[in-house]
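Fold and geometry: a report
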Amino acid sequence: NFKEADDAIDYRQSAFSMIAHNFGDMGAMLKGKKEFNAEIFAMRAENVAALSKLPVEGFVAGSDKGDTEALAKIWSDKADFDAKMKTFQENAAILALAAKSGDKKEMKKAFGNTGKSCKSCHDAYKKD
Ligand code: ASC
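Below: a short report on this structure. (Residues numbered from 1 in each chain as written. Predicted model: local features only at pLDDT ≥ 70, side-chain atom pairs only at ≥ 80, totals over all residues. Heavy atoms only, no water.)

This part covers the packing of aromatic side chains. Going through the model one piece at a time under the given rule, you end up with seven aromatic pairs. With 5.3 Å between their ring centres and 40° between their planes, F36 and F41 make a pair best called tilted. Residue F41 is classed as buried on the basis of its relative accessible area of 0%. A centroid spacing of 5.4 Å and a plane angle of 90° characterise the contact between F81 and Y125, whose relative ring orientation is edge-to-face. Remark: Y125 occurs in helix α5 (residues 104-125) and F81 occurs in helix α4 (residues 78-101); sequence separation between them is 44 residues. (Phe/Tyr/Trp six-rings, centres within 6.5 Å; stacked < 30°, edge-to-face > 60°. Buried < 20%, exposed > 50% of the residue type's maximum accessible area, 1.4 Å probe, protein only. Helix = DSSP H or I, 4+ residues; strand = E, 2+ residues; numbered from the N terminus.)

Laid out in structure tokens, this is it:
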């Protein structure tokens, strides 16, 4: 139900932009680049978990053409792409739980796994 391919591209890029903003701030806290705040960290983790569900909808057929870094391989390997998106969503959900646990070690582990799932998809499906 996007009018144009460009609308689908805007939609997914908006979601990725919000994911990067929230995830990046969590990374800054874990790496000691800014003060760790458990409440903000948990809010950001919740945001990422919710946002992780959004981009996939924007990868509609034909939206490899336009102002996008998405590789055409996404649509020829859609099952693998969707599986990687699902792994990201699962890792983000685990990160949101870890954030509420108060256990910094768990948070770091879950943050690392989530970042790995970002990267595995970028390596396979994003122009560099
Ligand atoms: C980020 C960000 C990404 C991922 C990736 C993880 O903060 O913007 O694209 O983490 O670098 O490896």
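A cluster of like negative charges, contributed by E4, D6, D7, D10, D67 and E69, occupies part of the molecular surface. Tracing the chain through its elements places D6 in helix α1 (residues 5-30). Taking the relative accessible area as the measure of exposure, D6 reaches 46% and is therefore partly exposed. (Patch = residues over 30% accessible without salt bridge, like charges linked within 9 Å, V, L, I, M, F, W, Y side chains within 5 Å. Areas by Shrake-Rupley, 256 points an atom, 1.4 Å probe, with all protein chains shown as cover. Salt bridge = Lys/Arg side-chain N within 4 Å of Asp/Glu carboxyl O. Lys, Arg positive; Asp, Glu negative; His and termini not counted. Charge placed at Lys NZ, Arg CZ, Asp CG, Glu CD.)

On to the packing of α1 against α5, then. Taken N-terminus to C-terminus, the directions of α1 and α5 make an angle of 135°; their axes are 11 Å apart at the nearest point. With respect to α5, the axis of α1 lies oblique. As α1 runs across α5, the sense of the crossing is left-handed. When α1 is examined against α5, the residues F23, M26, G27 and L30 are found in contact with a partner set consisting of K104, M107, K108, F111, T114 and G115. Here the contact of α1 with α5 is composed, by residue class, of five nonpolar, three polar and two charged. (Axes fitted to C-alpha atoms, helices over the stretch in contact; angles between N-to-C directions. Parallel < 35°, antiparallel > 145°, perpendicular 65-115°, else oblique. Left-handed = near helix turned anticlockwise from the far one by under 90°. Contact = heavy atoms within 4.5 Å. Nonpolar A, V, L, I, M, F, W, Y, C, P; charged D, E, K, R; others polar.)

Neighbouring residues of the ligand: A20, F23, G115, C118, K119 and H122. Here an oxygen atom of the ligand sits 3.4 Å away from a polar atom, N or O, in the main chain of G115. Summarising the interface, the protein chains cover 55% of the accessible area of the ligand, which totals 310 Å² for the free molecule. Counting residues per element, the shell around the ligand draws most heavily on α5, at four residues. (Near = heavy atom within 4 Å. Polar contact = N/O pair within 3.5 Å; in protein donor to acceptor, adjacent residues only side chain to side chain.)

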